[in-house]
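If you want the building blocks of each chain, they are given just below.
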Amino acid sequence: MKPAAFQYHQPSSVAEATDLLAEHEHDAELMAGNQSLGIVMANRLATPEHIVDLNGVDDLDYVDVSAERVEIGALTSHRTIETSTALADALPMFPAAAEQIAGPSVRNLGTLGGSVGEADPAGNYPAVLTALDGDLHIVSTDGERTVAASEYFIAYMFTDLGEDELITGVSIDRGPFPTERTGMVFLEQKPAAQTWPTISAAAAVRGDDPDATEPAIEDARVALANAADVPLRVEDAEAAVESEPLGEAPLASAANAASEAAEPGEEMHADAEYKEELAGEYTRRSLETAYERAVDTADTTDTTKP
Ligand SMILES: Cc1cc2nc3c(=O)[nH]c(=O)nc-3n(C[C@H](O)[C@H](O)[C@H](O)COP(=O)(O)OP(=O)(O)OC[C@H]3O[C@@H](n4cnc5c(N)ncnc54)[C@H](O)[C@@H]3O)c2cc1C
């Protein structure tokens, strides 16, 4: 099937884009990489009368890493995130999440803003932003606002974003994640290559002493994708491993907490019970791997392997 007819607009600035959204508030759809929107429109699950193509808005394509913050523009492609050495040094969970999205053609065109705008609970960046307490920067003709990832994802593919708003980018405070004491990982289980994951886990662990062989965990983060209607931060799992060196008992408690917190939907290849088990197992594996990396922070290059 082909998409229904629509009027195409290509603004060259954020202001032009928000003017268009305000003018066509109930009938317009933003387009970024068109990797998801194209499928939805081709199947006539969405029939917007106006398409606002963001690809002419160069200001939205950036990766800025400072000592305090990481900022990534909405139009930044998965490929740019995957290959950014600055991100690999500062927040390696981001490139690890990007490189596991689909195949090269989707990664070359798909964008951070499209992923967060789509808000699929199986999405990689929604889980990353949830684990890292990221902020989303949003703009409309009424001005700019910032929303915490924890407030943005409300229900299944339903977010805090208004019809006249667009996401300009995301930012993450680096304060909780000093590179010399922090390990990060993004792990996923897929039924087949280049498809969406059955479950993913984004985890970060900060140890208390970079020289200790078994540091106590000062701060643990774990968020799961595709385990509920929104990205699922599992605070009980985090609490289970904090304040002591990582051991089998706290890991088992964390895994139990994640299985209990998960409220997954059924899928053709994975029923809810199986996905609850996976939620526990991937929580356990991701925390274990993040801890190993926090202990040996010299080894942060390959963030995807358990
Ligand atoms: C085969 C396949 C496998 C995939 N596997 C995965 C996977 O494993 N993990 C994963 O995370 N993703 C996966 N994806 C999705 C992929 O990441 C898409 O690229 C992404 O979800 C959409 O990005 P896009 O730039 O193409 O957005 P588009 O398709 O252009 O837009 C998607 C939605 O976001 C909105 N939007 C776009 N930009 C903005 C903005 N700046 N502000 C607000 N709203 C905006 C659009 O209006 C639209 O509703 C997969 C896609 C395919 C086709």
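Everything that follows concerns the structure shown earlier in this document.
Calculation criteria
As a convention, each chain's residues are numbered from 1 in the sequence order in which they are written. Selection of residues for local features in this predicted model requires a pLDDT of at least 70, selection of side-chain atom pairs for listing and counting requires 80 or more, and totals for whole chains, interfaces and linings are taken over all residues. Hydrogens are left out, water is left out, and the side-chain values use all remaining heavy atoms of the structure. Take the buried residues of types Ala, Val, Leu, Ile, Met, Phe, Trp, Tyr and Cys, join any two whose side-chain atoms come within 4.5 Å, and each joined set is a nonpolar core. Type-normalised accessible area, obtained with a 1.4 Å probe on protein chains alone, sets the label of each residue: buried when under 20%, exposed when over 50%, and partly exposed for intermediate values. Residues count as neighbours in contact if any of their non-hydrogen atoms are within 4.5 Å of one another. One heavy atom suffices: a residue is near a molecule or strand as soon as one of its heavy atoms comes within 4 Å of it. We define a polar contact as two N or O atoms separated by no more than 3.5 Å, with the added condition that, inside protein, one atom must be a possible hydrogen donor and the other a possible acceptor, whereas residues neighbouring each other in sequence contribute only through side-chain atom pairs. The Shrake-Rupley method, run with a 1.4 Å probe sphere, supplies the accessible areas, and residue values consider only the shown protein chains as cover. In this text, helices come from DSSP runs of H or I with a minimum length of four residues, and strands from runs of E with a minimum of two, each type numbered from the N-terminal end. Residues are grouped as follows: Ala, Val, Leu, Ile, Met, Phe, Trp, Tyr, Cys and Pro are nonpolar; Asp, Glu, Lys and Arg are charged; every other residue, Gly included, is polar. Throughout, the arc means that of the directions going from the helix axis to the C-beta atoms. Here a patch means residues that are over 30% exposed by relative accessible area and free of salt bridges, tied together within 9 Å if like-charged and within 5 Å if nonpolar (Val, Leu, Ile, Met, Phe, Trp, Tyr). Whenever Lys or Arg places a side-chain nitrogen within 4 Å of a carboxyl oxygen from Asp or Glu, that contact is recorded as a salt bridge. Counted as positive: Lys and Arg. Counted as negative: Asp and Glu, with His and the chain ends omitted from the count. To locate a charge, take NZ of a lysine, CZ of an arginine, CG of an aspartate or CD of a glutamate.

## A few points about the nonpolar core
If you look at the biggest cluster of nonpolar residues, it comprises 38 residues, and the most contacted ones within it are Leu91, Met93, Phe94, Val116 and Leu132. With residues up to four places along the chain from it excluded, the contact list for valine 116 reads Tyr125, Leu129, Leu136, Tyr152, Phe153 and Ile167. The next biggest cluster of nonpolar side chains, apart from the first, holds 30 residues, and it includes Leu187, Ala201, Ala240 and Ala290.

## Concerning the site of the ligand
As a structural note, the neighbourhood of the ligand is formed by 33 residues, with Glu29, Leu30, Leu37, Thr111 and Glu118 the closest of them. In this structure, an oxygen atom belonging to the ligand sits 2.8 Å away from a main-chain N or O atom of asparagine 34. Separating an oxygen atom of the ligand from a backbone N or O atom of serine 36 is a distance of 2.9 Å. Taking 970 Å² as the accessible area of the ligand by itself, protein coverage stands at 91%. Per-element tally for the shell around the ligand: the top contributor is helix α7 (residues 112–118), with five residues. For the shell around the ligand, the class distribution of residues is 15 nonpolar, 15 polar and three charged.

## Regarding helix α1 (residues 14–23)
Burial in α1 covers these residues: Val14, Ala17, Thr18, Leu20 and Leu21. Seen end-on, α1 carries its buried residues on one side only, within an arc spanning 155 degrees. Buried residues along α1 sit in contact with β1 (7–9), β2 (28–31), β3 (50–53), β6 (135–140) and β10 (166–173).

## Thoughts on a negative patch on the surface
The grouping of Glu25, Asp27, Glu49, Asp142 and Glu163 at the surface amounts to a negative patch. Among the secondary structure elements, glutamate 163 is positioned in the loop between β9 (158–159) and β10. Overall, glutamate 163 belongs to the partly exposed group, its relative accessible area being 46%.

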